[in-house]
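Single-letter residue listing:
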Amino acid sequence: MLHMLKLSVGPKDVAQLRAIQKLRAVADPPLRHQTRMMPKRREEILDGGSIYWVVSGFLQVRQRILDIIEDDWGDGTPCCGLVLDPKLVMVEARATKAFQGWRYLSPEDAPPDVVEGVAASGMEALPPALKAALREARLI
């Protein structure tokens, strides 16, 4: 299994990413993310891999990749379509520097999921307003 790491450009938080994807899933199914390059390690990704989204400088959430297809941008220009499970799974957040495109992410390097009903610890235990203020001050 292999994962992908990608910057979420535009959404300021996970709620906004969720809302955008919900609209996209209805307007142009199936839910997918389009990217220029086709992954060479396609089969490894389709063996249970996810796309891990970096939102506002923090790796925060993942989605299962259901399929990788040849797609087009709408003007006929070919691209790659990552067909995504609509369910967003929160992960233990960590700061991630900006990069272009996407990167492979090994399972060993992927952050663990945040389990609902389990008390948060560390950064996840902070109130959302405090975390936002700390991020804005670039302290986390």
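Preceding this paragraph is the structure being described.
How each quantity is defined
Residues numbered from 1 in each chain as written. Predicted model: local features only at pLDDT ≥ 70, side-chain atom pairs only at ≥ 80, totals over all residues. Heavy atoms only, no water. Phe/Tyr/Trp six-rings, centres within 6.5 Å; stacked < 30°, edge-to-face > 60°. Lys NZ or Arg CZ within 6 Å of the ring centre and 35° of its normal. Salt bridge = Lys/Arg side-chain N within 4 Å of Asp/Glu carboxyl O. Buried < 20%, exposed > 50% of the residue type's maximum accessible area, 1.4 Å probe, protein only. Helix = DSSP H or I, 4+ residues; strand = E, 2+ residues; numbered from the N terminus.

Visitor: Help me understand the packing of aromatic side chains in this model?
Guide: To describe a pair of aromatic rings, one takes the distance between the centres and the angle between the planes. Within this structure, the stated rule accounts for one aromatic pair. Above the ring of Tyr-104, the side-chain terminus of Arg-41 is found at 5.2 Å from the ring centroid.

Visitor: Would you explain the pattern of salt bridges in this entry?
Guide: If the charged atoms of two oppositely charged side chains come close together, the side chains can form a pair. In the structure shown here, the tally under the stated rule is six salt bridges. Between Glu-44 and Arg-41 there is a salt bridge, with its nearest N and O atoms 2.8 Å apart. By relative accessible area, which is 35% here, Arg-41 ends up partly exposed. Between Asp-113 and Arg-62 there is a salt bridge, with the nearest N and O atoms lying 2.8 Å from each other. Residue Asp-113 is found in the loop between strand S7 (102–105) and helix H3 (128–136), and its partner Arg-62 is found in strand S4 (residues 58–72); the two are separated by 51 residues along the sequence. Overall, Arg-62 belongs to the buried group, its relative accessible area being 14%. Each of Asp-28, Arg-32 and Asp-71 takes part in a single network of salt bridges with overlapping partners.

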